[in-house]
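Chains, contacts and geometry: an overview
This is what each chain is made of:
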Amino acid sequence: MATSKEFFEFVTECLSKIDGTSSRPMMGEYVLYYFGRVFGGIYDNRVLIKITPSSLEFLADARKEIPYPGAKEMLSVDVEDTELLSRLLPAMLDELPIPKKRK
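These lines cover the structure that appears in this document, whether it is placed above or below.

Rules used throughout
Per chain, residue numbering runs from 1 following the sequence as it is written. Confidence filtering applies because this is a predicted model: local features only for residues at pLDDT of at least 70, side-chain atom pairs given and counted only at 80 or more, and all residues used for totals across whole chains, interfaces and linings. Heavy atoms throughout the structure, all of them, feed into the side-chain values; hydrogens and water do not. Segments assigned H or I by DSSP are reported as helices when at least four residues long, segments assigned E as strands when at least two residues long, and all are numbered from the N terminus. The contact criterion used throughout is that any non-hydrogen atoms of two residues lie within 4.5 Å. Residue burial considers only the protein chains on display, and all accessible areas are found by Shrake-Rupley using a 1.4 Å probe. The charged-residue count follows a simple rule in which Lys and Arg add positive charge and Asp and Glu add negative charge, with His and chain termini not counted at all. A single reference atom marks each charge: NZ on Lys, CZ on Arg, CG on Asp, CD on Glu. Buried Ala, Val, Leu, Ile, Met, Phe, Trp, Tyr and Cys residues form a nonpolar core when they are joined through side-chain atoms within 4.5 Å. For the exposure calls, accessible area comes from a 1.4 Å probe over protein chains only, and a residue counts as buried if that area is under 20% of its type's maximum, exposed if over 50%, partly exposed in between. Polar contact is the term for a pair of N or O atoms within 3.5 Å; when the atoms are in protein, one must be able to donate a hydrogen and the other to accept it, and sequence-neighboring residues count only if both atoms are side-chain atoms.

What follows covers the overall build of the protein. The number of helices and strands found in the protein is three helices and six strands. Each helix (α) and strand (β) of the protein, taken in turn from the N terminus, gives the series α-β-β-β-β-α-β-β-α. With the C-alpha coordinates of the protein rotated into their principal frame, the extents come out at 40 × 30 × 30 Å. Nonlocal contacts in the protein, meaning residues at least 24 apart in sequence, comprise 53% of its contacts between residues at least 6 apart. Accessible surface, the protein as shown: approximately 6600 Å² in total, 53% of it carbon and sulfur. Computed over 14 positive and 16 negative side-chain charges, the separation of the two mean positions in the protein equals 12 Å.

So, about the nonpolar core. With 23 residues, the main nonpolar core has Leu15 and Phe39 as its most contacted residues. Listed by contribution, the elements that provide at least two residues to this core are helix H1 (5–15), strand S2 (29–34), strand S3 (37–43), strand S4 (46–49) and helix H3 (82–92). Sequence-distant contacts of leucine 15, that is, excluding residues within four places in its chain, are made with Thr21, Leu32, Phe39, Val79 and Leu85.

Next up on the list: the side chain of serine 55. The topology assignment puts serine 55 in helix H2 (residues 53–58). Setting aside residues up to four positions removed in sequence, serine 55 forms contacts with Ile49, Lys50, Leu75, Leu88 and Met92.

Positionally, arginine 24 belongs in strand S1 (residues 21–26). Residue arginine 24 is classed as partly exposed on the basis of its relative accessible area of 38%. In the structure, arginine 24 is positioned 71 residues away from glutamate 95 in sequence and 21 Å away in space, judged by C-alpha atoms. Contact partners of arginine 24, with chain neighbours within four places excluded, come to Glu29, Tyr30, Val31, Tyr33 and Arg102.

For the rest of this paragraph, the subject is the side chain of threonine 3. Along the polypeptide, threonine 3 turns up in the segment before H1. Residue threonine 3 is classed as buried on the basis of its relative accessible area, which comes to 9%. A distance of 2.4 Å separates the side chain of threonine 3 from the side chain of glutamate 29, its partner in a polar contact. Only 3.2 Å separates the side chain of threonine 3 from the backbone nitrogen of asparagine 45, close enough to count as a polar contact.

On to unusual backbone geometry. Although it is not a glycine, aspartate 44 sits at a positive phi angle of roughly 50°. Here aspartate 44 falls in the partly exposed class, since its relative accessible area comes to 26%. Positive phi outside glycine occurs at asparagine 45, with the angle close to 60°. Within the fold, asparagine 45 resides in the loop between S3 and S4. A relative accessible area of 27% means that asparagine 45 is categorised as partly exposed.

Next comes the structure, spelled out in structure tokens:
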């Protein structure tokens, strides 16, 4: 099951309240960015966040889920809790890999 357009629009509306967030379609789903660094994605109408020390601290009770077969586990998050996300994403920023420059 792919993510619906309605769910994608709902998520991007919630994330629009947090400066520095953006998204990009990728293989039928969506990758989520914070100041150009991947912090999670939208998979099968679920918002999942990369596991980092900060995300484990902020989302201690979150369910771990696999976004697609063969992928690493990620943390399920309530995207409507923009207050939490607005504190979590800056804490995660230095823990996220810097994108490689394209040639």
